[in-house]
Amino acid sequence: MAGTDDDSIAAGDDDALFVLTAVLLTPAKFPSVLGDDYPAACAELDLAPLADGYGLVIGQDGEGARWTVVIDDVSLVAVAIASWDCGMEHELSPDERTVVSALPGWPLAVAVAAPGVPAPHDPGPELTDRPPLRPPDTTVWGPAQRRLGADEIALQWATWREQIDDSDFVMPDGEAPTDAEASRDPAQGNEADRTDATSTDAAPAEAGTKVARTEAERTEVHTTENADTGADTEELTGIRRVMAEARSYVNAPPPLGRVRSSFATNDARTLRADGPGWSLVARTDDIAFVLLDEEPGEVLPVGRGPELPGLLEALDKIAVRPS
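Residues numbered from 1 in each chain as written. Predicted model: local features only at pLDDT ≥ 70, side-chain atom pairs only at ≥ 80, totals over all residues. Heavy atoms only, no water.

## Side note on the packing of aromatic side chains
Thinking step 1. Per the counting criterion, the structure on display carries two aromatic pairs.
Thinking step 2. Relative to Phe-289, the ring of Trp-157 lies with its centre 5.2 Å away and its plane at 75°, an arrangement referred to as edge-to-face. With Trp-157 in helix α4 (residues 157–161) and Phe-289 in strand β13 (residues 288–292), the pair connects residues that are 132 residues apart, well separated along the chain.
Thinking step 3. Relative accessible area serves as the criterion here: at 1%, Phe-289 is assigned to the buried category.
Thinking step 4. Above the face of the Trp-106 ring, Arg-66 is positioned so that its terminal group lies 5.4 Å from the ring centre. (Phe/Tyr/Trp six-rings, centres within 6.5 Å; stacked < 30°, edge-to-face > 60°. Helix = DSSP H or I, 4+ residues; strand = E, 2+ residues; numbered from the N terminus. Buried < 20%, exposed > 50% of the residue type's maximum accessible area, 1.4 Å probe, protein only. Lys NZ or Arg CZ within 6 Å of the ring centre and 35° of its normal.)

The following block contains the structure:
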C-alpha cells in the first residue's frame, strides 16, 4: 500500500506529511506487532481504546523525518487502503480536525520513501518529547515476531496447509500417534516435516517449521492444585496450555480484539487469537496452527479431533469481526 506522490497532510508545525502508507487500528484489525489485543496496541501509542478505532497515516515531513499521524476518521483510511490494495491511486488527505496526534517515528517497517526529501530519519528531540516509534526487531524471535508469523499464516493459509500431512499433527484431545510416529526421534525430526520459512516477512532468519507429532514432544504435564475445586488437576504447557486458555476465553471474554474473525472461503472463517506467549490461527472448517514464544520459529499444527471444531465455533461467536 502506498499513497500518491501528492498526498500530504498537516503534521507538526507548518510541515506537510508526505503519505507513504496507512493502516487501521480498530478492535477487529490492528497491527499485531503492537500487542496481543486492541487495548494493548492502543497503549503502545498512548491512545485510548475507542470503540470505533483510529487510522494511522504513516509518512515523512519536508525534512524527511518519520511521522505517524493518528486520525479518528477510520472510514477514510479504510477506503484508501482498499483502493491501494486494488492497485488504484487514491489521495489520502484527512481533514486537520480529524487528527488526534502526531507521533514521531514509525511503528511498522516501511520499504518506501517520499521522493524529493531527505532519507527517512527520526525527528530531532527539539520537535517532540516522545521517544520515536520504531518497528520491532524481527530478526529475533519474540512476541511481535510470533504474532507476525501467525498473521502470515492467515494470509497464506493454502500454502501452509498443503505442507501438513493430517497424520502428522497432534490432536487436542490427546489421541495417540501410530507406532511408526511414536518411534521417531523427536530431537531429529523428519526433513519432510521441516519447512524453510525464510521466504516470509514474518519468519526470522534461518527459522523453520516443524510438525508436532506427539503430545509428549510439545507438551509437558505437571500436577497443581485447582483453585476452584481443590482437586488435583493438570498444569498445562505447550499446545495443551494454548487450547485450555483459548477455551477460557469463551467463558470469560478476553480484552477486545484478542480473538478476531475474518472471511475465509465459502462458509468458513479465519480465526486469529493471541494470549500470553502464544498465537493461534485457524480456519473454522479445518485445523489450527499454534506459535509459541518458547518455540522460536516453530509452527505447530493442531488436528481437528472431536474438540477443536466446537472450540473454533465458540471462539468465532465471541470474536470481533470487521464492520
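## Regarding the nonpolar core
Thinking step 1. Judged by nonpolar contacts, the single largest core of 22 residues is most densely connected at Leu-25, Leu-45, Leu-47 and Tyr-54.
Thinking step 2. Residues within four places of Tyr-54 in sequence aside, it is in contact with Leu-24, Leu-25, Thr-26, Tyr-38, Cys-42, Leu-47, Ala-48, Val-70, Ile-71, Val-74 and Val-100.
Thinking step 3. Grouped together as the second largest cluster of nonpolar side chains are 21 residues, Tyr-249, Ala-273, Leu-300 and Leu-315 included. (Core = buried A, V, L, I, M, F, W, Y, C linked by side-chain atoms within 4.5 Å. Contact = heavy atoms within 4.5 Å.)

## A word on the pairing of strand β11 (residues 269–275)
Thinking step 1. In terms of residue burial, β11 counts as a mostly covered element, since seven of its seven residues are buried.
Thinking step 2. Residues Arg-269, Leu-271, Ala-273 and Gly-275 point to one face of β11 and Thr-270, Arg-272 and Asp-274 to the other, with burial holding for every one of them.
Thinking step 3. Sheet topology note: the strand β10 (residues 259–263)/β11 ladder contains five bridges and is antiparallel. Counterpart to Ser-261 in the pairing with β11 is Leu-271.
Thinking step 4. Between β10 and β11, which pair antiparallel one after the other, the connecting turn spans five residues, and Asn-266 there sits at a positive phi close to 50°.
Thinking step 5. One ladder, built from six bridges, connects β11 with strand β12 (residues 278–283); its direction is antiparallel. Bridging from a neighbouring strand, Arg-272 pairs with Val-281 of β12.
Thinking step 6. As consecutive antiparallel partners, β11 and β12 are separated by two residues, and within that stretch Gly-277 has a phi angle of approximately 85°, a positive value. (Pairing = 2+ DSSP bridges.)

## Re helix α8 (residues 308–318)
For the α-helix, the turn length of 3.6 residues means that residues three or four positions removed from each other point alike.
Thinking step 1. For α8, the set of buried residues is Leu-308, Leu-311, Leu-312, Ala-314, Leu-315 and Asp-316.
Thinking step 2. Structurally, α8 contributes buried residues whose contacts are with α7 (238–251), β10, β11, β12, β13 and β14 (300–302).

## Here's the deal with the sheet that holds β11
Thinking step 1. Read from one edge to the other, the open sheet built from five strands follows the order β10-β11-β12-β13-β14, with strand pairing classed as antiparallel. The open sheet has two free edges, formed respectively by β10 and β14, since each of these has just one partner strand. Across the sheet, the mean angle separating the axes of adjacent strands is 20° when strand polarity is ignored.
Thinking step 2. Across the sheet, α7 is in contact with β10, β11, β12, β13 and β14; its angle to β12 comes to roughly 75°. (Axes fitted to C-alpha atoms, helices over the stretch in contact; angles between N-to-C directions.)

## With respect to unusual backbone geometry
Thinking step 1. The residue Asp-46 is not glycine, and still its phi comes out positive at about 60°.
Thinking step 2. Mapped onto the elements of the fold, Asp-46 is located in the loop between α1 (38–44) and β3 (54–60).
Thinking step 3. In this structure Asp-46 comes out as exposed when scored by relative accessible area, which is 58%.

## Observations concerning the side chain of Asp-36
Thinking step 1. On the secondary structure map, Asp-36 appears in the loop between β2 (16–25) and α1.
Thinking step 2. Residue classification places Asp-36 among the buried residues on the basis of a relative accessible area of 14%.
Thinking step 3. At a separation of 3.2 Å, a polar atom in the side chain of Asp-36 contacts the side chain of Arg-146.
Thinking step 4. Of note is the side chain of Asp-36, whose polar atom sits 2.9 Å from the side chain of Arg-147.
Thinking step 5. Apart from the residues within four sequence positions on either side, Asp-36 is in contact with Phe-30, Arg-146, Arg-147, Gly-257, Arg-258, Arg-260, Asp-274, Gly-275 and Pro-276. (Polar contact = N/O pair within 3.5 Å; in protein donor to acceptor, adjacent residues only side chain to side chain.)

## Let's talk about the pattern of salt bridges
Thinking step 1. Scanning the entire structure with this criterion turns up 18 salt bridges.
Thinking step 2. Between Arg-241 and Glu-294 there is a salt bridge whose closest N-O contact spans 3.5 Å. Of the two residues, Arg-241 sits in helix α7 while Glu-294 sits in the loop between β13 and β14, which places them 53 residues apart along the sequence.
Thinking step 3. Accessibility expressed as a relative area gives 15% for Arg-241, which makes it buried.
Thinking step 4. The class of Glu-294 is partly exposed, set by a relative accessible area of 45%.
Thinking step 5. Connected through salt bridges with shared partners, the residues Asp-36, Arg-146, Arg-147, Asp-151, Arg-260, Arg-272, Asp-274 and Asp-293 form a single ionic network. (Salt bridge = Lys/Arg side-chain N within 4 Å of Asp/Glu carboxyl O.)

## A look at the packing of α7 against α8
Angle between the axes and distance between the axes: these two values describe a pair of packed helices.
Thinking step 1. Between α7 and α8, whose axes approach to 9 Å, the crossing angle comes to 45°. For the element pair α7 / α8, the angle class is oblique. Regarding α7 and α8, the two cross each other, and that crossing is left-handed. Note on element contacts: α8 touches α7 through Leu-308, Leu-311, Ala-314, Leu-315 and Ile-318, opposite Met-243, Ala-246, Arg-247, Tyr-249 and Val-250.
Thinking step 2. Grouping the amino acids of the contact of α7 with α8 by side-chain chemistry returns nine nonpolar, no polar and one charged. (Parallel < 35°, antiparallel > 145°, perpendicular 65-115°, else oblique. Left-handed = near helix turned anticlockwise from the far one by under 90°. Nonpolar A, V, L, I, M, F, W, Y, C, P; charged D, E, K, R; others polar.)

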